[in-house]
Amino acid sequence: MYDVVIIGGGPAGLSAALGAKKKGCSNILIIERSEKLGGILNQCIHNGFGLHTFKEELTGPEYAYRYIKMVEKEEIPFLLNTTVLSISPHSVTYINEEEGVRTIETKAIVLAMGCRERPRGALNIPGDRPSGIFSAGTAQYLTNIEGKMPGKRVVILGSGDIGLIMARRMTLEGAKVLAVVELMPYSSGLKRNIVQCLDDFSIPLLLSHTVTKIEGRKRVERITVSAVDEKRKPIPGTEITYDADTLLLSVGLLPENELSRKAGITLSPVTGGPIVDNSFQTDSDGIFACGNVLHVHDLVDYVSNEAEKAGESAALYALSDRKPSKKKIPVSVFGLARYTVPEMIDEDTKEDTTIRFRVSNVKKDGKITVRVNGEEVISKKKRIMAPGEMETLIIPKRILEKYEIIESIEVGTED
Amino acid sequence: MDYDAVVIGGGVIGSAIVRYLSLYDMKTLLVEKEEDISSGTTKANSGIVHAGYDPEPDTLKAKLNVKGAKMIREESEKLHFDYKVNGAMVVSFSPDDDYKIDELYERGIKNGVEDMEILSGDEARKIEPNLSENVTKCLYLKSSAIVCPFSLTQALAENAYENGAEFKFNTKVENIERIDGGYRVITDTSSSITTRTVINAAGVYGDAINNMVSEKKIHITARRGSYMLFDNETKGMFNSTIFQLPSSKGKGVLVTPTVHGNLMIGPNSVSIPDKDDTSTTAFDLDYISKEALKTSPYIPFRKVITSFSGIRAHEDSGDFIVGEAEDAPGFFNAAGIESPGLSSSLAIGEMVAKMVADRLEKNKKENPILERKAPPRPREMSIDERNKLIKANPTYGKIVCRCEEISEGEIIDAITRPLGARSLDGIKRRVRAGMGRCQGGFCSPKVMELIEKYASIPFDEINKNSLGSNITMEDK
Amino acid sequence: MERFELTCIGCPLGCLMTVEKNGDEINVKGNTCLNGERYAKEEVTAPKRILTQSVRVRDGVDKMCSVKTSAPIPKDMIIKASETIREKTVDAPIEIGKIIISNICDTGVDVIATREVRKKA
């Protein structure tokens, strides 16, 4: 019987394991499907990781290395090349070459499977179906791990950070990036990436544009992009056609919750991740979730921070008989806030609660407001909020303690 | 003569023909212009084994459909391809059209279709709760089935191979010349092939092949149909295949589970001048979406994982053309094979093989191999069986395609079996790696490493499908 | 006098700044905060970047080893340096932090490994 089994050995899983260990768990297991720990960080060879956690700027592999070393130092066991087939409360079934299919018992489970990219099908771009269409992450793997060149003349659809990073990466490997095309009137990528990945190399960013045609029978030969109107519909007559051999798609990330879904865990229709309380427990007893499987984060530092908390909660759950109270107060949103994580707060919580959320549109000079029973308890000015950035605020426990009965908690934005 | 029979085209029809030919005592070759079997019409169609209610009675389509559907059911037990009797419904949406359901029922009786029933809209919704409220009447075809076209074609081709048939890929027929006692087939590869008989199973190019030899010209129009495939989260939304009432344009847009359970909708039908134009257009996708919504308002378009188009060979006569060309002895056509071509494939294969054997006065082999051993499917096994398999060969315990839970061992099988895969699409068609929700995002580099290792093809020369559809460009 | 237009990278606000440079005198307009001014001054005097890339590995369990410049290098050296790094092949084993190329393009900065690569068994 394990105390805590962690599914996924990326930044969330590693940090959750350390959190569980810190709280005194000795019987922990990390299950990782690929051949090494570190998850997607292994292929994110660019810098910009760790400013919050380590107060220095690291590359993805360096950030992962530090966590892997900590896990090794704590002697936390892990399985590699091992895929989890199914979970249920207190048991995990996995498969690998050495053990075949095996089911293990555990007191708590932490879901840390990360996210995946939205594929072309989800976009329904009309046209031919040649080779040369990659998700940005696949192109990143081919370039950085396999050492192969996905293409020479590249159009990138989507200006999220992975798309921007790949624009620079392909350029540094000798490819010509013809344009980065963004459907929205703003980029969801960091300003820093727009400047250092596009402007530095004079790569045009076409806002309010989308790919409207892919041509080429065998390999991509031409990509046509069009401007879009306010309803994001292409405007005829605005077509620009590029002689490109490659189209990279960086059109969004989706939490990878197939295991959670099969286990009957309730998922949020907004985030695609499990609905959790402030201890990161899902609605399935003893199953916790953290990192990008819970909601897509902007910075890995926040993933590590959140996952450590989730690991601690899982450990407390595994080690004590005290189960969290069943009384949970739902957190609702207003204004531009799209969702919050956690979605519920335990009425008896003894700790400050960190709330993370994202906004649906760019907002300048607004406020983040928290209301308890309809009464404003926190109001924080914010110079800028953007969909690409995660907002974080803390509701101190002293605020909640003031109320005899809490009926509602609302988090949102105001002018 | 190099061969007794040369089959042109490695789709389901060519593969069925070569499979039945291989049961005879003769030397047979199949030539295919692409890198793999199932590369034309076979790679993108509805995968329905029609019960046979639709074709005009007394046409070849009607006869071969009903017969072929039965043969597919029987052979699925021996050749072990993915096949499932799931039933089908033809639905009408207005009391004014309900008489057409009765007409189809009558037609079905004439065509020899068994297990038909007429249901009210409510009765139909009891079986398929996601059907539209507007369905007023339904012809329920319990014998209708679904088949994986790749799996069927692979089973046929593999079995033919085991019975001694030969295959040449990346070989395009450029001309056919009549020679003494047979034909010389000239291809785009250096050597030409001599053969006593030629069988034309060239799909949308069936007219070009026929017209090289016969003065009795045929004309094939390529009709394109688009589809949308959904995430396997849609499993169980529909168990039966749902057709709308047929029109002059064909059987219309259907809503069906694939043999793997996930939802698929399509096709429309557009005549196209360029026979290789399998592109999708916004107009077509919009059309099939709207049509499918008539059948069910609950279709979850957010869960589309891919859209694609297939082409069908429509001959001007409207019926299949199967048989020896009048003015070209030893030249046989299986042309104009559009729907219900997949359903009819085995009947066509058997029929053509018999014609060829009669012409050459060849007998059946004494002990042909009639059973094909399918590669292991670990995810469909019991845990004990699966563990036994992994113990014997650990690669079945290493999952490469996480969306469809495909192991390394299965991918190695797909490469190393007879007529093994040489391209990413070849792997996808055989074992579904890359067919799931991430569409190969995670597994394609891993699959390419396995192709590099087991098929000895350098990484940069691995194609998506045809020659020239390379994935990576060259070392950085 | 030189004039530059810059987007600040400090935060999502992304202020559009106009910088006027007259010898040693630098004038920044359009910024909202002091971070913006500091960034603008550096960008117009000596813009620098960390370069990250990967090099081919011989006899390693991994085919590639990721690398970075140990300090920022002048922006106009990036392409030249990337071409040098692209040509490089290194033998496994590689320790994290190992110098892969020293003093790249005479910048005085080394290129170092950002992961370890073990030797193939």
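Residues numbered from 1 in each chain as written. Chains lettered and ligands numbered in written order. Predicted model: local features only at pLDDT ≥ 70, side-chain atom pairs only at ≥ 80, totals over all residues. Heavy atoms only, no water.

Digging into the nonpolar core
Selection rule: To qualify as a nonpolar core, a set must consist of buried Ala, Val, Leu, Ile, Met, Phe, Trp, Tyr and Cys residues joined through side-chain atoms within 4.5 Å. Any residue under 20% of the maximum accessible area for its type is buried, any over 50% is exposed, and the rest in between are partly exposed; the area is computed with a 1.4 Å probe on protein chains only. Strands here mean DSSP runs of E at least two residues long; helices mean DSSP runs of H or I at least four residues long; both are numbered from the N terminus. We call two residues in contact when some of their heavy atoms are within 4.5 Å.
Residues Ile 411, Ile 427 and Val 447 of chain B together with Ile 100 of chain C are the most contacted members of the largest nonpolar core, which totals 66 residues. When residues of this core are assigned to their parent elements, the largest contribution, six residues, is made by helix H4 (residues 161-172) of chain A. Once residues lying within four places of it in the same chain are set aside, the contact partners of Ile 427 of chain B are Ile 411, Ala 414, Ile 415, Ala 421, Arg 432, Ala 433, Val 447 and Ile 451 of chain B. Counting 58 residues, the second-largest nonpolar core is a separate cluster that includes Leu 29, Phe 49, Val 110 and Tyr 339 of chain A.

As for the domain arrangement of chain C
The condition that has to hold: Where each domain starts and ends follows an automatic or database-derived domain assignment.
When cut into domains, chain C gives domain 1 (2-45) and domain 2 (52-113). For domain 1 of chain C and domain 2 of chain C, the distance between their C-alpha centres works out to 31 Å.

Structural notes on the sheet that holds strand E1 (residues 2-7) of chain C
Residues and elements named next belong to chain C. Rule in force here: Criterion used throughout: strands pair if DSSP finds at least two bridges between them. For helices, the fitted line uses only the C-alpha atoms of the stretch in contact; every axis is such a line through C-alpha atoms, and the angle between N-to-C directions lies from 0 to 180 degrees.
If you trace the three strands from one edge of the open sheet to the other, you get E1-E2-E3, paired in antiparallel fashion. In this open sheet, the two edge strands, each paired with only one partner strand, are E1 and strand E3 (25-29). With strand direction ignored, the average angle separating the axes of adjacent strands in the sheet is 20 degrees. Relative to strand E2 (residues 16-22), E1 runs antiparallel, the two sharing six bridges. Residue pairing in the sheet places Thr 7 in a bridge with Leu 16 of E2. The sheet strands contacting helix H1 (residues 34-45) are E1, E2 and E3, and the helix crosses E2 at an angle near 50 degrees.

Notes on the pattern of salt bridges
What counts is decided by this rule: Here, a salt bridge means any side-chain nitrogen of Lys or Arg that lies within 4 Å of a carboxyl oxygen of Asp or Glu.
Summed over all chains, the structure comprises 77 salt bridges over all chains. As a salt-bridge pair, Glu 410 of chain A and Arg 371 of chain A come within 3.6 Å of each other at their nearest N and O atoms. Separated by 39 residues along the polypeptide, Glu 410 of chain A in strand E27 (residues 409-414) and Arg 371 of chain A in strand E24 (residues 363-372) bring together distant segments of the chain. Per residue, the accessibility class of Glu 410 of chain A equals that of Arg 371 of chain A, and both read buried. Among the charged side chains, a network of salt bridges with common partners joins Asp 128 and Arg 217 of chain A together with Arg 224, Asp 274, Asp 277 and Asp 284 of chain B.

Looking at the domain arrangement of chain A
Where interface size is given, it is often the accessible area lost as the parts come together that is meant. Residue and element names in this part refer to chain A. Applicable threshold: Throughout this description, a polar contact denotes any pair of N or O atoms lying within 3.5 Å of each other; where both atoms belong to protein, one of them has to be capable of donating a hydrogen while the other can accept it, and for residues adjacent in sequence the pair is counted only when both atoms sit in side chains. Here the nonpolar group is Ala, Val, Leu, Ile, Met, Phe, Trp, Tyr, Cys and Pro; Asp, Glu, Lys and Arg are the charged ones; every other residue, Gly included, is treated as polar.
In terms of domain boundaries, chain A breaks down into domain 1 (1-117 + 252-324), domain 2 (119-251) and domain 3 (326-415). When each unit is reduced to the centre of its C-alpha atoms, the spacing between domain 1 and domain 3 is 25 Å. If you look at the interface, domain 1 gives 19 residues, while domain 3 gives 17 residues. At the boundary of domain 1 with domain 3, the tally comes to two salt bridges. A salt bridge links Arg 356 to Glu 306, with the shortest nitrogen-to-oxygen separation between them at 3.6 Å. Remark: the boundary between domain 1 and domain 3 carries 10 residue pairs in polar contact (both at pLDDT 80 or more). The class makeup of the residues in the side of domain 1 that touches domain 3 is nine nonpolar, seven polar and three charged.

Looking at the pairing of strand E23 (residues 353-359) of chain A
Consecutive side chains along a regular strand alternate between the two faces of the sheet. Residues and elements named next belong to chain A. Within E23, six of the seven residues are buried, which leaves it mostly tucked inside the rest of the structure. Here strand E21 (residues 337-341) pairs with E23 via four bridges, running antiparallel. The residue bridging Ala 337 from the neighbouring strand is Val 359, located in E23. Pairing of E23 with strand E26 (residues 391-395) involves five bridges; the strand directions are antiparallel. Looking across to E26, one finds that Arg 356 is bridged to Thr 392.

So, the interface of chain A and chain B
So the rule is basically this: Note on terms: buried area is the combined drop in 1.4 Å-probe accessible area of two parts once they are placed together, counting the loss on both.
Every contact between the two is made by 45 residues of chain A and, on the other side, 50 residues of chain B. In total, about 4,000 Å² of surface goes out of reach between chain A and chain B, with carbon and sulfur atoms giving 53% of it. For the chain A face of the interface with chain B, the top three residues by lost area are Glu 97, Arg 129 and Lys 148 of chain A, together amounting to 16%. The shortest N-O distance in the salt bridge between Arg 261 of chain A and Glu 233 of chain B comes to 2.9 Å. For the pair chain A and chain B, the interface holds 17 residue pairs in polar contact (both at pLDDT 80 or more). Counting only elements with at least two residues in the side of chain A that touches chain B, the list comes to strand E6 (83-88), strand E7 (91-96), strand E8 (100-111), strand E9 (115-117), helix H3 (136-146) and helix H6 (258-262) of chain A. Residue contributions to the side of chain A that touches chain B peak at five residues, all from H3 of chain A. Class assignment of the residues belonging to the side of chain A that touches chain B gives a composition of 14 nonpolar, 12 polar and 19 charged.

Focus on the interface of chain C and chain A
With 31 residues of chain C at the contact, the number on the chain A side is 32 residues. With both chains or domains summed, chain C and chain A bury close to 2,800 Å², and 56% of this area falls on carbon and sulfur atoms. Seen at the junction of chain C and chain A, the total is six salt bridges. Counting every contact that joins chain C to chain A gives eight residue pairs in polar contact (both at pLDDT 80 or more). The set of elements that each furnish at least two residues to the side of chain C that touches chain A consists of strand E5 (52-58), strand E6 (64-69) and helix H2 (78-86) of chain C. Each residue belonging to the side of chain C that touches chain A can be placed in one class, and the counts come to 13 nonpolar, nine polar and nine charged.

A short note on the state of the cysteines
All names here are of chain A. Selection criterion: Two cysteine sulfur atoms make up a disulfide if the distance between them is within 2.5 Å.
Summed over the entire model, instances satisfying the criterion amount to zero disulfides over all chains. Cysteine Cys 44 shares no disulfide, and the gap to the nearest cysteine sulfur, in Cys 115, comes to 10.0 Å. The exposure class assigned to Cys 44 is buried, which follows from its relative accessible area of 10%.

Let's talk about the sheet that holds strand E15 (residues 222-227) of chain A
Residues and elements named next belong to chain A. The strand order E14-E15-E16 describes an open sheet built from three strands, whose pairing is antiparallel. The sheet is open, and its two edges are formed by strand E14 (209-215) and strand E16 (240-242), each paired on a single side. Ignoring strand direction, the axes of neighbouring strands in this sheet form an average angle of 25 degrees. Note that E14 and E15 share six bridges and pair antiparallel. Bridge pairing in E15 links Glu 215 to Arg 222.

Thoughts on unusual backbone geometry
Cis geometry marks the peptide bond from Val 341 of chain A to Pro 342 of chain A, where omega comes out at 0 degrees. Structurally, Pro 342 of chain A is set in the loop between E21 and strand E22 (344-346). For the bond running from Ala 92 of chain C to Pro 93 of chain C, omega is 0 degrees, close enough to zero to count as cis. Structurally, Pro 93 of chain C is set in the loop between strand E8 (89-91) and strand E9 (99-101). With a phi close to 50 degrees, Asn 373 of chain A is a non-glycine residue in the positive phi region. With respect to the helices, strands and loops of the structure, Asn 373 of chain A is situated in the loop between E24 and strand E25 (375-385). By relative accessible area, which is 30% here, Asn 373 of chain A ends up partly exposed. One non-glycine residue with positive phi stands out, namely Glu 361 of chain B, at about 55 degrees. Tracing the sequence through the fold places Glu 361 of chain B in the loop between helix H8 (341-360) and helix H9 (383-392). Residue Glu 361 of chain B is classed as exposed on the basis of its relative accessible area of 70%.

Things to note about H8 of chain B
Residue and element names in this part refer to chain B. Stated precisely, the cut-off is as follows: Think of it this way: the bend at a residue is just the angle between two axes, each fitted to seven residues, one set ending at that residue and the other starting at it.
Ala 347 marks where H8 bends most, by close to 35 degrees. With 14 of its 20 residues buried, H8 lies for the most part within the structure. Downstream of H8 by a residue or two, Glu 361 has a phi angle that is positive, lying close to 55 degrees.

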